[in-house]
Amino acid sequence: MSVLTEMESWTALSQHYEVIRHQHMRDMFDTDPRRFERFSLRLNDLLYDYSKNHITGETLALLLKLAEELELSQWIARLFDGDLINNTEQRAVLHMALRANQDEVIALDGVDVVSEVRAERLRVNKLAEAIRRRDWRGVTNQPITDVVNIGIGGSHLGPLMVTEALRPYRLHDLNVHFVSNVDENHINDTLEFLNPETTFFIISSKTFTTQDTMVNAETARQWYIHKVGSDEQINRHFAAVTSNAVLARQFGIAEDNIFRIWDWVGGRYSLWSAIGLSIVIAIGSEQFEQLLEGAHDVDVHFRQTPLDRNIPVIMALLGVWYNNFFNAQTMAVLPYDQHLHCFPAYLQQADMESNGKSVDRSGQAVDYSTGPVLFGEIGIAAQHAFFQLLHQGTKLVPADILAPIYTVRCIQRHHRALMSNVFAQTEALMRGKTEQVVRREMRDKGVTPDEIERLLPYRVFPGNRPTSTLLFNTLDPKTLGSLIALYEHKIFVQGVIWNINSFDQWGVELGKQLASAILHELDDVESVSGHDCSTNGLINYYKRQRPRNSTQA
Ligand code: F6P
């Protein structure tokens, strides 16, 4: 048995679960009219309502006791102090330094990282603003009209999500595109309508070795050379963001166009760094500062607020409550804001690459459940797709609902309809619909008694399905920065509770290793026999079936 599940507070939570699982949230609300005030928190223009969760004051007290027993406050201090908490890679985890105030000093190995961050940001801003002002000219002296970020994972999902979320803040005559998939369709579809003389590529890769990115980068470079007729002035069209400047130079990127990130910035936590170059180009450096400020506000909140009023801590503890005691395997993230349509995909990497681990910090296999399967979709779309399962399925799916009180280009007719759904769904999921109500409704509609009895079981909603709601004024850069940072810290807290390292990702290595070996086996027409019979069969079938002229390109 692990230390975690033997802890006093864990045992107390297990016993408490046996009592509370028989209670309905409907009754909790009926007996406590102050439940909303008791279980909601504010931070700037954010309201976090967690009252529609399967908790009582005792539940929270027990969860907080668990956090204290696991020395969460000390872990938070260690995180901000730059301790090497990424213990398998011996690295600090300091993405918070990327959004620190200019006058803060965060020293790592005797070097103030905040001033290094600032210096790099000035370089990023200079390039981005030159492109935005149309001062940056391409090979034929034309301004840039299209920027293509080539990257994957953290070097893609963050910038994509943010530029989509902040659409109203983008310049109309400057398009930003994202290419991540090594499937040639992605880059072909993107380049098809672009003009190389007015296109600027950003090769975003912390390692500068990721296969997908390097293959796409090479295709972009060949496209440019082919269309322009030479590699003349290629430095007017290519930049790199990486911690591996040597490989970027070898690829042919000019020194001035190489932007640095540090090993203490994890890929999935990197949008605040120069990896956000495409964001700065899209929304401008002033708005990017706002994004950073919103995240910084959450850093301060997370670091200084007592655990019982600390939003990321509460978010994390609720997740642990469902994951480890209710045995929920999943969680849903449901933004009711079209501009957040990439948020669930972004969070999937942030959460699942961080906490999808089964070995603890001391190298022991865990005997409890860790990170959930996170999924999500725009709330309105999800209502007409998978909400059926949330309401009446056999699985408990705790859900986070995010919604803006108004939008930048608000049309009341739309927005009222949208918000009516937000409130209706959280209420419906919590309250459900009892047999009594279903009977009455059908009777009122004149349905016959026999028909009522036949349909009754299908029309009852059990309710008692948990949601937490994050309402914010509007999706501006500052609020978006705060939202992202809330989830980042939530993930960290859960990693502390589960005693796992949230900042490595060894689990992605095996596939990469095998792919690089198999890549060579695809070069010729010989059959392979070195794998299991399924893999051999698939590879050999592919080799036989592929068009003859596609073996090399
Ligand atoms: O394969 C996973 C991963 O290493 C992620 O952690 C990372 O965000 C992504 O690949 C891209 O890595 P890089 O920025 O080094 O190309």
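Remember, it's a predicted structure, so these values are computed and weren't measured experimentally.

Caption draft 1: Representation of the packing of aromatic side chains in the model. Here the structure, examined in full by the defined rule, presents 23 aromatic pairs. With a centroid separation of 6.2 Å and 85 degrees between ring planes, the pair formed by Tyr224 and Phe238 is classed as edge-to-face. With a gap of 14 residues between them, Tyr224 in helix H10 (residues 211-228) and Phe238 in strand S8 (residues 238-242) connect regions that are remote in the sequence. Exposure remark for Tyr224: the relative accessible area of 0% places this residue in the buried category. With a centroid separation of 5.3 Å and an interplanar angle of 80 degrees, the aromatic rings of Trp321 and Phe326 are classed as edge-to-face. Summarising the burial analysis for this pair, Trp321 and Phe326 share the class buried. Aromatic rings pair up to connect Trp10, Tyr17, Trp321, Tyr322, Phe325, Phe326 and Tyr368 into one cluster. The residue whose ring lies beneath Arg35 is Phe29, and the NZ or CZ to ring-centre distance is 5.1 Å. The positively charged end of Arg99 is found above the aromatic ring belonging to Trp272, 4.6 Å away from the centroid.

Caption draft 2: Representation of the packing of helix H6 (residues 72-80) against helix H21 (residues 477-497) in the model. Their axes nearest at 10 Å, the elements H6 and H21 cross at an angle of 125 degrees. Between H6 and H21, the angle is such that the two are oblique. Our pair here, H6 against H21, has a crossing hand that is right-handed. Across the interface between the two elements, Leu72, Trp75, Ile76, Leu79 and Phe80 from H6 touch His489, Phe492, Val493 and Val496 from H21.

Caption draft 3: Region of the structure containing the sheet that holds strand S2 (residues 46-49). One open sheet accounts for six strands, arranged S1-S2-S13-S12-S10-S11; its pairing is mixed. Whereas interior strands pair on both sides, the edge strands pair on one side only; in this sheet they are strand S1 (40-43) and strand S11 (373-376). Sheet twist, expressed as the mean angle between neighbouring strand axes with direction ignored, is 15 degrees. As judged from the four bridges shared by S1 and S2, these two strands associate in the antiparallel manner. Looking at S2, one finds that Ser40 is bridged to Asp49. Against the sheet, H21 makes contact with S2, strand S10 (330-335), strand S12 (399-404) and strand S13 (467-472), and its axis sits at roughly 150 degrees relative to S13, the strand it touches most.

Caption draft 4: Structural detail: the site of the ligand. As a matter of local geometry, the ligand sits amid 14 residues, with Gly154, Ser155, Ser205, Thr207 and Thr210 nearest to it. Gln349 places a side-chain nitrogen or oxygen 3.2 Å from an oxygen atom of the ligand. In the environment of the ligand, an oxygen atom lies 2.8 Å from a nitrogen or oxygen atom belonging to the side chain of Glu353. In isolation the ligand has 390 Å² of accessible area, and contact with the protein removes 88% of it. Across the shell around the ligand, the residue classes break down as two nonpolar, nine polar and three charged.

Caption draft 5: Spotlight on unusual backbone geometry. Not every positive phi belongs to a glycine, and Phe208 is a case in point at roughly 60 degrees. Structurally, Phe208 is set in the loop between strand S7 (199-204) and H10. For Asn464, which is not a glycine, the phi torsion comes out positive at approximately 65 degrees. Assignment of secondary structure puts Asn464 in the loop between helix H20 (449-459) and S13.

Caption draft 6: Just the sheet that holds strand S6 (residues 175-179), in detail. Taken in spatial order, the five strands of this open sheet run S6-S5-S7-S8-S9, and their pairing is parallel. Two strands close off the open sheet at either side, each with one partner strand: S6 and strand S9 (258-260). This sheet shows a mean twist of 20 degrees between the axes of neighbouring strands, independent of strand direction. By the bridge criterion, five bridges tie strand S5 (residues 146-150) to S6 in an arrangement that is parallel. Within S6, the residue paired with Val147 across the bridge is Val176. Across the sheet, helix H7 (residues 113-132) is in contact with S7, S8 and S9; its angle to S9 comes to roughly 145 degrees. Along the sheet, H10 contacts S5, S6, S7 and S8; its crossing angle with S7, the most-contacted strand, is approximately 160 degrees.

Caption draft 7: Local environment of the pairing of S10. With respect to burial, S10 is a largely interior element, five of its six residues being buried. Note that the unit made of S10, helix H15 (residues 343-355) and S11 has a crossover that is right-handed. Pairing between S10 and S12: four bridges, direction parallel. Note on S12: the bridge partner recorded for Ala332 is Ala399.

Caption draft 8: Focus on helix H2 (residues 8-20). In this model H2 runs 18 Å from its N-terminal to its C-terminal C-alpha over 13 residues, within 8% of the 18 Å that 1.5 Å per residue would give. Buried residues of H2: Ser9, Trp10, Leu13, His16, Tyr17 and Ile20, and no others. All buried residues of H2 lie within an arc of 120 degrees about the axis, which places them on one face of the element. Of the residues in H2, the exposed ones pointing more than 90 degrees away from the buried face are Glu8, Gln15 and Val19. Looking at the buried side of H2, the elements it contacts are helix H1 (3-6), helix H3 (25-31), helix H5 (57-69) and helix H14 (311-325).

Caption draft 9: Up close: the environment of Trp262. For Trp262, the position within the fold is in the loop between S9 and helix H12 (277-283). Once the C-alpha coordinates of Trp262 and Gly154 are considered, the two residues, 108 residues apart in sequence, prove to be 14 Å apart. Setting aside residues up to four positions removed in sequence, Trp262 forms contacts with Leu98, Glu116, Val117, Glu120 and Lys206. A polar side-chain atom of Trp262 sits 2.9 Å from a polar atom in the side chain of Glu116.

Caption draft 10: Here's a closer look at the nonpolar core. Core analysis: the largest hydrophobic core is formed by 128 residues, its most contacted members being Trp264, Trp321, Phe343, Leu480 and Phe492. Residues in contact with Phe343, not counting those within four places in the same chain, are Met161, Val333, Pro335, Leu402, Ile484 and Tyr487. Residues Val139, Ile150, Ala248 and Ile253 belong to the second largest nonpolar core, which totals 22 residues.

Caption draft 11: Looking closely at a negative patch on the surface. A surface patch of like charges, here negative, comprises Asp183, Glu184, Asp189 and Glu192. Looking at the secondary structure, you find Glu192 in the loop between helix H9 (184-191) and S7. Residue Glu192 is classed as exposed on the basis of its relative accessible area of 53%.

Rules and cut-offs
Residues numbered from 1 in each chain as written. Predicted model: local features only at pLDDT ≥ 70, side-chain atom pairs only at ≥ 80, totals over all residues. Heavy atoms only, no water. Phe/Tyr/Trp six-rings, centres within 6.5 Å; stacked < 30°, edge-to-face > 60°. Helix = DSSP H or I, 4+ residues; strand = E, 2+ residues; numbered from the N terminus. Buried < 20%, exposed > 50% of the residue type's maximum accessible area, 1.4 Å probe, protein only. Lys NZ or Arg CZ within 6 Å of the ring centre and 35° of its normal. Axes fitted to C-alpha atoms, helices over the stretch in contact; angles between N-to-C directions. Parallel < 35°, antiparallel > 145°, perpendicular 65-115°, else oblique. Left-handed = near helix turned anticlockwise from the far one by under 90°. Contact = heavy atoms within 4.5 Å. Pairing = 2+ DSSP bridges. Near = heavy atom within 4 Å. Polar contact = N/O pair within 3.5 Å; in protein donor to acceptor, adjacent residues only side chain to side chain. Areas by Shrake-Rupley, 256 points an atom, 1.4 Å probe, with all protein chains shown as cover. Nonpolar A, V, L, I, M, F, W, Y, C, P; charged D, E, K, R; others polar. Right-handed = clockwise from strand over helix to strand, strands pointing away. Expected span 1.5 Å × (residues − 1). Arc of directions from axis to C-beta. Core = buried A, V, L, I, M, F, W, Y, C linked by side-chain atoms within 4.5 Å. Patch = residues over 30% accessible without salt bridge, like charges linked within 9 Å, V, L, I, M, F, W, Y side chains within 5 Å. Salt bridge = Lys/Arg side-chain N within 4 Å of Asp/Glu carboxyl O. Lys, Arg positive; Asp, Glu negative; His and termini not counted. Charge placed at Lys NZ, Arg CZ, Asp CG, Glu CD.

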